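# Fold and geometry: a report
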2 protein chains.
Amino acid sequence: MRNLLLCVLLLVLAACASRPPTATATGLQLRGTGDLGLVVERASGSLQLLDTSRRSAIGRVHGLGDLSHASLVYSRDGAHAYVFGRDGALSKVHLPTMTLVARVQQSGNSIGGAISQDGRWVVAQNYQPGGIKVFDTQDLTLVADIPAEYAPGKLSRVVGLADLPGQRFIFSLFDADEIWLADLSQPRAPQIRKFKGVGHQPYDALITPDGRHYIAGLFGEDGLAKIDLWAAEPRVERILAGYGRGAQPLPVFKMPHLRGWAIAGRLAYLPAIGRHEVLVVDTQSWAEVARIPVAGQPVFVMAQPDGRQVWVNFAVPDYDTVQVIDTQSQRVVHAFKPGKAVLHLEFTPRGEAVWISARDSDLISVVDTRSFATLATLTAQSPSGIFFTSRANRMGL
Amino acid sequence: MRNLLLCVLLLVLAACASRPPTATATGLQLRGTGDLGLVVERASGSLQLLDTSRRSAIGRVHGLGDLSHASLVYSRDGAHAYVFGRDGALSKVHLPTMTLVARVQQSGNSIGGAISQDGRWVVAQNYQPGGIKVFDTQDLTLVADIPAEYAPGKLSRVVGLADLPGQRFIFSLFDADEIWLADLSQPRAPQIRKFKGVGHQPYDALITPDGRHYIAGLFGEDGLAKIDLWAAEPRVERILAGYGRGAQPLPVFKMPHLRGWAIAGRLAYLPAIGRHEVLVVDTQSWAEVARIPVAGQPVFVMAQPDGRQVWVNFAVPDYDTVQVIDTQSQRVVHAFKPGKAVLHLEFTPRGEAVWISARDSDLISVVDTRSFATLATLTAQSPSGIFFTSRANRMGL
């Protein structure tokens, strides 16, 4: 009888011990999410969860499909990421448990997205079929479908989508030379304002950190198209003639990301197209005020959170190099080679370190922004974009 | 026997069921911390945990002592708050479980603190005994004690403490007319740089959002003391003669908080002392460029995250009023009365809403920054300072 009793006890205790897996397994149960991040592993269609305090990787989330050129945004609380795959899938990932909680095939070809100011709507920008789609961040149900129909039956590829204050989004129509401003305060009845003839083939765009200026690069001609969204009557202005792709005499190995623009104080630093230069632009006059020679064709030009330094990576053949520009002297003060095919840089929110992905070295380097010392290295499978949860607090990302 | 067996089963199951309380109770177990906040309830010595997504209160943490004029900072991950009580106690609070996990009586009278850029050190600024103390954020063990000894045996009250990049902190000595810059990269051997004769009685200070300029208000004379920390040889300059307390002809019902300075674009908006005006200052020349008439003596002058509007509260007798200034027209565009004794305002990180504490109405109002509609009201016990976890991502707070 004793043995039977003992046996029962053990059985019950065993039953008690086996609980459904919780975040305890990841050690995240009672930790905050403010110092977490994700790096896109394009080869394996996975995301690696990063801890910027311990400078380590916590684990992986698999099954995200084609993650080439993938990007993501975060929920207000930093617990969920919304991942936009090139294959047109939108995935919702829960960081504390490292699980894929929802996934919808929302288009044939997607090139990123954004999240509304209040975190209720996530928006995907699509090439095929051209347009944007609005989803509920809770369950990824479709809330609004806005085809970029610029002529009967003709849909344009959409680029340069950015969120704006007040449940608004702005995006560019590559095939229509238009910029659309969508007000989703009533998402089932979106209000669309169209800016036409903005310039030939807008290929990417950015919003200034204050959400005031929307600037689209033009593939088909020189210059950029800019809209002051704070103006009583917003209209399109052309700025920086000569910046554009059109009259570009040099071969371009990789088009720069306009989101790579760095705005530090009243000056903006942006990658010249084709040239081995970083352009310096006055954000009051939007005129070019200087050019800084660099090691190659710049791709990302990123300002440290304090704006004191600007970090630059490059297109082939110089894509193993990173250079650092001091914004006071406007000179390159440091250069180094963190690995092969440096694709992205992400600063910790208060700027003490920068995380750099080197795709062909399967490496992430964590570099001290003052001493330039390498604080840590992590292995990752063909890492590309690095995204920290602090992005949840910022506009236009 | 059967009964005995059943009895044992029930006992064991009961034992299994009773686990130590976890965050499950608060519903926070698997949620992020990026949209949480705390409001100081000074009357009851408690903190109320806020959810800025649901616009609701989650619960309370008790036992924090004298919280009049209390402030707090957050750990990098947003899970812990470090609370500086006026009674000289430093408390560590864990948000997901709403528990007080550590508390040290570190001085007789404390007036706030800061956290290092990497989140390893939390620093308290003290009136009694005058100086700063550095604690390990893990367990609140004392790492460094830096008395503000400006003459043999004479300790000054410390004010205007701010964190700077690179494990540095800057603070002002009210009784010594000095500003000290402490480098804590070796916290057991701190390096102190002293600026002397900065002006009479620095009473509070602020750091610009980029961490470049440290500006101290002077109680004993006109003007402010400014240090450009990016200069090759930082030195003290006097700016805004006439701003200071010294030659102030009007009675001052409450000294403005300099941290209430709003910097929007290249302009700074700051409370005039005694006058019913908000001063507008060009941050390139540091000269006054405009004065905006307001409803009373301004206390906090806070810029929305996008810098498009500046919100102002007031000293008695106008402390039931809040006014909103449009930074484009530099005119007051809205005024309202969210309750009695409006003490503080805090914007959600992307600026869609502002949370306002009205101490004598035991009320917190959540106001839409575009429509000015009241989105929610929460009850709190004599609420004062409101602090969102997004502060963990910012310098100089």
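Here, every reference points to the structure presented above.
Residues numbered from 1 in each chain as written. Chains lettered and ligands numbered in written order. Predicted model: local features only at pLDDT ≥ 70, side-chain atom pairs only at ≥ 80, totals over all residues. Heavy atoms only, no water.

### Some thoughts on the sheet that holds strand E7 (residues 99-105) of chain B
One key point about sheets: their strands pair by backbone hydrogen bonds, in either a parallel or an antiparallel sense. Residue and element names in this part refer to chain B. For clarity, the cut-off: Following DSSP output, two strands are said to pair if at least two bridges run between them. Working definition: helices are DSSP H or I runs of at least four residues, strands are E runs of at least two. Numbering for both runs from the N terminus. Think of each axis as a best-fit line through the C-alpha atoms, taken over the contacting stretch in the case of a helix, with angles from 0 to 180 degrees between the N-to-C directions.
Spatially, E4-E5-E6-E7 is the arrangement adopted by the 4 strands of the open sheet, whose pairing is antiparallel. The open sheet has two edge strands, strand E4 (71-74) and E7, and neither has a second partner. With direction set aside, neighbouring strand axes in the sheet form an average angle of 20 degrees. Pairing analysis gives 5 bridges linking strand E5 (residues 80-84) to strand E6 (residues 89-94), with the strands arranged antiparallel. In the strand pairing of E6, Ala-81 is matched with Val-93.

### A word on unusual backbone geometry
Residue and element names in this part refer to chain A. The omega torsion across Val-316 and Pro-317 is 0 degrees, close enough to zero to call that bond cis. Summarising the element assignment, Pro-317 is placed in the loop between strand E27 (309-314) and strand E28 (322-326). Unusually for a residue other than glycine, Phe-372 sits at a positive phi of about 65 degrees. If you trace the backbone, Phe-372 turns up in the loop between strand E32 (363-368) and strand E33 (374-379).

### Focus on the sheet that holds strand E29 (residues 331-336) of chain A
All names here are of chain A. Reading across from one edge, E26-E27-E28-E29 is the order of the 4 strands in this open sheet, with antiparallel pairing throughout. Sheet topology places strand E26 (298-303) and E29 at the edges, where each strand pairs with a single neighbour. For this sheet the average axis-to-axis angle between neighbouring strands, irrespective of direction, equals 25 degrees.

### Things to note about the relation of the copies chain A and chain B
Inclusion rule: Least squares is the method for superposing the copies, and the C-alpha atoms it fits come from residues with pLDDT of at least 70 in both. Any two residues whose heavy atoms approach within 4.5 Å at even a single point are treated as in contact.
Superposition record for chain A on chain B: RMSD 0.0 Å, screw rotation 180 degrees, translation along axis 0.0 Å. Taken together, these values place the two copies in the relation of a two-fold axis. When you check the interface residues of chain A against chain B, 100% turn up at the interface there too, and the contact is symmetric in its surfaces.

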